[in-house]
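# Examination of the molecular architecture
The residues making up each chain are set out below.
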Amino acid sequence: MQRFESKTVVVTGGGGGIGGATCRRFAREGAKVAVYDMNLEAAEKVASGIREEGGQAQAFCCDITDRASVDKAVEATQQSLGSVDVLVNNAGWDVFKPFTRTESAQWDKLIAINLTGALHMHHAVLPGMAARKAGRIVNIASDAARVGSSGEAVYAACKGGLVAFSKTIAREHARHGITVNVVCPGPTDTALFADYKEGAGNPEKLMEAFTRSIPLGRIGQPDDLPGAILYFASDDASFVTGQVLSVSGG
Ligand code: NAD
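What you are looking at is a predicted structure, and each value in this text was computed from that prediction instead of being measured.

### Things to note about the pairing of strand β1 (residues 8–12)
- Along β1, five of the five residues are buried, which leaves the element largely enclosed by surrounding structure.
- Residues of β1 alternate between two faces, with T8, V10 and T12 on one and V9 and V11 on the opposite face, all of them buried.
- Note: β1 against strand β2 (residues 32–37), five bridges, orientation parallel. Residue T8 lies in a different strand from β2, and its bridge partner there is K32.
- Taken together, β1, helix α1 (residues 17–28) and β2 form a β-α-β motif whose crossover is right-handed.
- Sheet analysis places β1 next to strand β4 (residues 86–89), joined by three bridges and oriented parallel. When the bridges of β4 are listed, V11 appears paired with V88.

### Re the site of the ligand
- Inspection of the region around the ligand gives 29 residues, with D37, N90, Y155, T188 and T190 positioned closest.
- Here an oxygen atom of the ligand sits 2.6 Å away from a polar atom, N or O, in the side chain of D37.
- Y155 places a side-chain nitrogen or oxygen 2.5 Å from an oxygen atom of the ligand.
- In the complex, 91% of the free accessible area of the ligand, which totals 830 Å², lies under the protein chains.
- Sorting the residues of the shell around the ligand by element identifies α1, α6 (153–173) and α7 (191–200) as the ones contributing at least two each.
- If you tally residues by element for the shell around the ligand, the top one is α7, at three residues.
- Of the residues contributing to the shell around the ligand, the split by class is 14 nonpolar, twelve polar and three charged.

### Some details on the sheet that holds β4
- Strand order in the open sheet made by the seven strands is β3-β2-β1-β4-β5-β6-β7, with parallel pairing throughout. Two strands close off the open sheet at either side, each with one partner strand: β3 (56–61) and β7 (244–247). On average, adjacent strands in this sheet sit at an angle of 20 degrees to one another, irrespective of strand direction.
- Docked against the sheet, α1 engages β1, β2, β4 and β6 (178–185), running at close to 170 degrees with respect to β1.
- Here helix α4 (residues 104–132) sits on the sheet and contacts β1, β2, β4, β5 (135–140) and β6; the angle it forms with β4, its principal contact strand, is near 170 degrees.

### Some thoughts on the side chain of H173
- Within the fold, H173 resides in helix α6.
- Those residues within four positions of H173 in sequence are excluded, and the remaining contacts are L126, A130 and I178.

### Looking at helix α2 (residues 40–52)
- Its 13 residues give α2 an end-to-end C-alpha distance of 18 Å, which sits within 8% of 18 Å, the value for a rise of 1.5 Å per residue.
- Regarding α2, the residues found buried are A42, A43, V46, A47 and I50. In a view along the axis of α2, the buried residues occupy a sector of 130 degrees, so they form one face of it. Across α2 from its buried face, at more than 90 degrees, point the exposed residues E41, K45 and E52.
- If you follow the buried residues of α2, they end up packed against α1, β2 and β3.

### Things to note about the nonpolar core
- Ranked by internal contacts, the top residues of the largest apolar core, which has 28 residues, are F26, V33, V35, V88, V138, V183 and I229.
- Where this core is concerned, the elements lending two or more residues are β1, α1, β2, α2, β3, β4, β5 and α9 (226–233).
- With five residues, the top contributor of residues to this core is α9.
- Setting aside chain neighbours within four positions, we find V35 in contact with V11, G14, G15, C23, A43, V46, A47, A57, Q58, A59 and F60.
- I64, V70, L126 and A170 belong to the second largest nonpolar core, which has 23 residues in total.

### What about the pattern of salt bridges?
- Counted by the stated rule, this structure contains six salt bridges.
- For E29, the salt bridge is made with R3, and the minimal N-O distance between the two is 2.8 Å. Of this pair, E29 sits in the loop between α1 and β2 while R3 sits in the segment before β1; the two residues are 26 residues apart in sequence, bridging distant segments of the chain.
- For E29, a relative accessible area of 18% puts it in the buried group.
- Relative accessible area serves as the criterion here: at 39%, R3 is assigned to the partly exposed category.
- One salt bridge in this structure joins R136 and D235, with 3.7 Å as the shortest N-O distance. Separated by 99 residues along the polypeptide, R136 in strand β5 and D235 in the loop between α9 and β7 bring together distant segments of the chain.
- Given a relative accessible area of 62%, D235 falls into the exposed group.

Conventions and cut-offs
Residues numbered from 1 in each chain as written. Predicted model: local features only at pLDDT ≥ 70, side-chain atom pairs only at ≥ 80, totals over all residues. Heavy atoms only, no water. Buried < 20%, exposed > 50% of the residue type's maximum accessible area, 1.4 Å probe, protein only. Helix = DSSP H or I, 4+ residues; strand = E, 2+ residues; numbered from the N terminus. Pairing = 2+ DSSP bridges. Right-handed = clockwise from strand over helix to strand, strands pointing away. Near = heavy atom within 4 Å. Polar contact = N/O pair within 3.5 Å; in protein donor to acceptor, adjacent residues only side chain to side chain. Areas by Shrake-Rupley, 256 points an atom, 1.4 Å probe, with all protein chains shown as cover. Nonpolar A, V, L, I, M, F, W, Y, C, P; charged D, E, K, R; others polar. Axes fitted to C-alpha atoms, helices over the stretch in contact; angles between N-to-C directions. Contact = heavy atoms within 4.5 Å. Expected span 1.5 Å × (residues − 1). Arc of directions from axis to C-beta. Core = buried A, V, L, I, M, F, W, Y, C linked by side-chain atoms within 4.5 Å. Salt bridge = Lys/Arg side-chain N within 4 Å of Asp/Glu carboxyl O.

Shown next, in the form of structure tokens:
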């Protein structure tokens, strides 16, 4: 018996680096995976890769900033894969600039994707989980939420907000058998991180500085994250809620 056999797992931003690695790991452990992304082509690529390996996955076009799009995707998931047992809020976006050079339109977009989007997802799945008295939610924040990060002020504020929100929802829904935990990646080699390096101006120097500052001596790879995410989503973590785990090389 595999850990996630017969479980329906939704991963937002499933077409991206960390999301794609997470979808593949859930599928290898028996889950029916709903790959949500606003980039349907990227989501299809991840889902078809999983099916080619013999796993179960379906891509859904979902813009988490749009409540109607979220409701449509959750409804379609329930119809084709069953009720949502596990939600991984992973979709994210960033702008890399000193705060005084950012504009409020960018803050609005950052907040809409990194914070409001996760709120929409919780609002859409929590009532069903509460009615079934079971559910696992794993939110992907960032080490920027814990220690700050130059050039990412509004992003860090969103991720800090997501941590506080997660701890509160964990308290509100513990009596419904729902756990809510947070994984904070450090610098991880994905498209989002490539944009960060570009924004910083001198990618090689930045990589050297990161590598020196990370005790385990390297930046993360997408496959470094699913172990912690699947732990929080599994029965091994049935008595763990409201917790924050950094996966960042120390
Ligand atoms: P990525 O760019 O590879 O993937 C992000 C995915 O989210 C993309 O597929 C994108 O299409 C999707 N997305 C963006 N906006 C969306 C929306 N409105 N609706 C639905 N999908 C949307 O980035 P990643 O590095 O894999 O990021 C995954 C998560 O990890 C994010 O929450 C990010 O903030 C967090 N994180 C990443 C790093 C890092 O260094 N890569 C560090 C800390 C935290």
